[in-house]
Amino acid sequence: MSLRERGNIWPVICVIVVALIVLVLPVVIRYRQANRMATVDAQVNIGDSKSDLPSSRDATMFRWPDSEVPRTAERLRDLIAVAITASTYVTQRAMSGHAPRDVGEITRAIATRQLIPPEWLTSQSGVLQTAHSTVHVRYAPNTLTTEFISMPATPTDGPALLIRIPDDENTEVGPRYFESMQVDEITYTRPFASIAEIISLGWTQRSIRQSRAPKSN
């Protein structure tokens, strides 16, 4: 492996470690369940556990309305899952001296390892099909850079989304992604365009926020 390739691996490792800590646990839990929106069991028992009222046995189920906001959130979770698993695979292979040849190898490998649903694979190399989007995986072997674009299936599925790993131009903010300002007539960027070009084409930066559990007394 050349010195240049080794230098490009360490930023990827740093990004992946942060992403794993912040995001991977809920994503893994989600994909171990059915590939649908989660429901909330609102059953609460108060007082004597022996009092077995019918109302306490029936779980109240809640489901978010099927609209643009929850669809966009679901698509973002899907895109983050693909970005983490794909970039991790690239890093592992590069460190062993066998960097992936193309995006087809990457998507097949993460599907075979059941890191994404196998049914997402399509006949097009590097293209995944989810419930509400088409995900395009871009890969630059020379720099070991990966880029992921989620294209909405319909305008009601929300804006387009973009994540790049490593994000070399990101020197001030934490984990981020880009979101198109339009939900129709979206202008998609060329592969690995500069951040200035992405923004000029009508995309805006969004932070991937980390939630922290409250401290115990």
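Computed from a predicted structure; not experimentally measured. (Residues numbered from 1 in each chain as written. Predicted model: local features only at pLDDT ≥ 70, side-chain atom pairs only at ≥ 80, totals over all residues. Heavy atoms only, no water.)

Participant: Hey, could you run me through the packing of helix H3 (residues 68–95) against helix H4 (residues 103–112) in this one?
Facilitator: Angle between the axes and distance between the axes are the two parameters that describe a pair of packed helices. Two numbers describe how H3 lies on H4: the axes approach to 10 Å, and their chain directions differ by 110°. Overall, the two elements H3 and H4 adopt an arrangement that is roughly perpendicular. Between H3, through Thr85, Ala86, Tyr89, Val90 and Arg93, and H4, the contact on the second element is made entirely by Glu105, Ile106, Ala109 and Ile110. Its residues placed into classes, the contact of H3 with H4 shows six nonpolar, one polar and two charged. (Axes fitted to C-alpha atoms, helices over the stretch in contact; angles between N-to-C directions. Helix = DSSP H or I, 4+ residues; strand = E, 2+ residues; numbered from the N terminus. Parallel < 35°, antiparallel > 145°, perpendicular 65-115°, else oblique. Contact = heavy atoms within 4.5 Å. Nonpolar A, V, L, I, M, F, W, Y, C, P; charged D, E, K, R; others polar.)

Participant: I keep staring at the sheet that holds strand S8 (residues 203–207) and nothing clicks. Help me out?
Facilitator: Backbone-to-backbone hydrogen bonds pair the strands of a sheet. The strands run either parallel or antiparallel. Here we have six strands laid out as an open sheet, ordered S3-S4-S5-S6-S7-S8, and antiparallel in their pairing. The sheet is open, and its two borders are formed by strand S3 (127–129) and S8, each paired with just one other strand. With strand direction ignored, the average angle separating the axes of adjacent strands in the sheet is 20°. Pairing of strand S6 (residues 161–165) with strand S7 (residues 176–180), which is carried by two bridges, proceeds in the antiparallel orientation. (Pairing = 2+ DSSP bridges.)

Participant: Sorry if this is basic, but what is going on with the side chain of threonine 85 here?
Facilitator: Examined against the element boundaries, threonine 85 turns out to sit in helix H3. Look at threonine 85 and you get buried, because its relative accessible area is 13%. Polar contacts involving the side chain of threonine 85 include one to the main-chain carbonyl oxygen of valine 82, which spans 3.1 Å. In contact with threonine 85, other than residues within four places in its own chain, are Ile110, Leu115 and Ile116. (Buried < 20%, exposed > 50% of the residue type's maximum accessible area, 1.4 Å probe, protein only. Polar contact = N/O pair within 3.5 Å; in protein donor to acceptor, adjacent residues only side chain to side chain.)

Participant: Looking at this model, I keep getting lost on the side chain of glutamate 179. Mind explaining?
Facilitator: Topologically, glutamate 179 is positioned in strand S7. The class of glutamate 179 is buried, set by a relative accessible area of 14%. A distance of 3.4 Å separates the side chain of glutamate 179 from the side chain of arginine 206, its partner in a polar contact. The contacts of glutamate 179, once residues within four sequence positions are left out, are Pro159, Ala160, Leu161, Gly202, Trp203, Thr204 and Arg206.

Participant: Looking at this structure, how should I read the pairing of strand S4 (residues 133–140)?
Facilitator: The buried fraction of S4 is high, at seven of eight residues. Across three bridges, the pairing between S3 and S4 is antiparallel. Its bridge partner being in S4, glutamine 129 is matched across the sheet by threonine 134. What sits between S3 and S4 in their antiparallel hairpin is a turn of three residues. Taken together, the eight bridges between S4 and strand S5 (residues 145–152) define a ladder with antiparallel strand orientation. Counterpart to valine 135 in the pairing with S5 is serine 150. Hairpin connection, S4 to S5: the antiparallel pair is bridged by four residues, and leucine 144 has positive phi, about 60°.

Participant: What exactly am I supposed to notice about the environment of alanine 193 here?
Facilitator: Within the secondary structure, alanine 193 sits in the loop between S7 and helix H5 (195–200). Excluding residues within four positions of it along the chain, alanine 193 makes contact with Glu147, Arg164 and Ile198.

Participant: Explain the nonpolar core to me, please; I cannot follow it from the model alone.
Facilitator: In summary, soluble globular proteins display a tendency toward joint burial of nonpolar side chains. Of all hydrophobic cores here, the largest spans 28 residues; its most connected members are Val82, Ile116, Phe148 and Ile163. Sorting the residues of this core by element identifies H3, H4, S4 and S6 as the ones contributing at least two each. The biggest single contributor to this core is H3, with 10 residues. Filtering out sequence-adjacent residues up to four positions away, isoleucine 116 remains in contact with Val82, Thr85, Thr107, Ile110, Ala111 and Leu128. Phe178, Ile186, Ile195 and Ile198 belong to the second largest nonpolar core, which has nine residues in total. (Core = buried A, V, L, I, M, F, W, Y, C linked by side-chain atoms within 4.5 Å.)

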